[in-house]
Amino acid sequence: MKLEEPKQENLEIIINDMADKLQVVNRSLMDPEDYDLNKYEEIKSLHEIIEMKGQLSVSEIQAFVQELGQYRK
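Position numbers for residues count from 1 along each chain, tracking the sequence in the order it is written. Only residues with pLDDT of at least 70 get local features here, since the model is predicted, and only at 80 or more are side-chain atom pairs given and counted; chain-wide, interface and lining totals rely on the full set of residues. Calculation of side-chain values draws on the structure's entire complement of heavy atoms; hydrogens and water are dropped beforehand.

Draft legend 1. How the structure looks around the side chain of H47. Along the chain, H47 turns up in helix α2 (residues 40–53). Residue H47 is classed as buried on the basis of its relative accessible area of 9%. Ignoring anything within four residues of it in the chain, the contact list for H47 reads L3, I14, D17 and M18. Helix and strand labels come from DSSP, where a helix needs a run of H or I of at least four residues and a strand needs a run of E of at least two; each type is numbered from the N terminus. Buried means the residue's accessible area, taken with a 1.4 Å probe over protein chains only, is under 20% of the maximum for its type, while exposed means over 50%, and partly exposed covers the values in between. A contact between two residues is defined here by any heavy atoms of the two lying within 4.5 Å.

Written as structure tokens, this is what we have:
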């Protein structure tokens, strides 16, 4: 999957994938439209960390969701 280019379509893929991996029940919190495309690199970095870690603890999930909140518009 080529996600290097910061464009809305790639942001949507990343956000939706993170929502799945973070087991977010309330998907309205993870609406790709609510995230700032100018923060694409930061969001992509979080996605890469989640990918590498695999299984996440509850506290890690909460930390990632909180971090993502900083990149909302």
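Draft legend 2. Highlighting the packing of helix α1 (residues 8–21) against α2. Axis lines are fitted through C-alpha atoms, for helices just across the contact stretch, and the angle between N-to-C directions can take any value from 0 to 180 degrees. One way to put it is that α1 packs onto α2 with a least axis distance of 10 Å and a crossing angle of 35 degrees. Seen along the crossing, α1 lies across α2 with a hand that is left-handed. Touching N10, L11, I14, I15, D17, M18 and K21 of α1 are Y40, I43, K44, L46, H47, I50 and E51, all from α2. Here the term charged refers only to Asp, Glu, Lys and Arg, the term nonpolar to Ala, Val, Leu, Ile, Met, Phe, Trp, Tyr, Cys and Pro, and the term polar to all other amino acids, Gly among them. Residue composition of the contact of α1 with α2, grouped by class: 8 nonpolar, 2 polar and 4 charged. By convention, the crossing between two helices is left-handed when the near helix turns anticlockwise from the far helix through less than a right angle, and right-handed when the turn is clockwise.

Draft legend 3. The arrangement of the nonpolar core in detail. In this structure, I15, M18, L22, M30, Y35, I43 and L68 are the most contacted members of the largest nonpolar core, which totals 19 residues. If you list the elements that add at least two residues to this core, you get α1, α2 and α3 (58–69). Contact partners of L68, with chain neighbours within four places excluded, come to I15, M18, L22, M30, Y35, I43 and L46. To form a nonpolar core, buried Ala, Val, Leu, Ile, Met, Phe, Trp, Tyr and Cys residues must be joined to one another through side-chain atoms within 4.5 Å.

Draft legend 4. Focus on α3. For a helix, the expected span equals 1.5 Å multiplied by the number of residues minus one. In this model α3 runs 17 Å from its N-terminal to its C-terminal C-alpha over 12 residues, within 8% of the 16 Å that 1.5 Å per residue would give. Taken residue by residue, α3 has I61, F64 and L68 as its buried positions. The arc that holds every buried residue of α3, seen down its axis, measures 65 degrees, which confines them to one face. Away from its buried face by more than 90 degrees, α3 exposes V58, S59, Q62 and Q66. The inward-facing, buried residues of α3 abut α1 and α2. Along the arc lie the directions from the helix axis toward the C-beta atoms.

Draft legend 5. Just the side chain of K44, in detail. Note on placement: K44 falls in helix α2. Assessed through its relative accessible area of 9%, K44 is described here as buried. Ignoring any residue separated from it by four or fewer positions in sequence, one finds K44 in contact with L3, E4 and I14.

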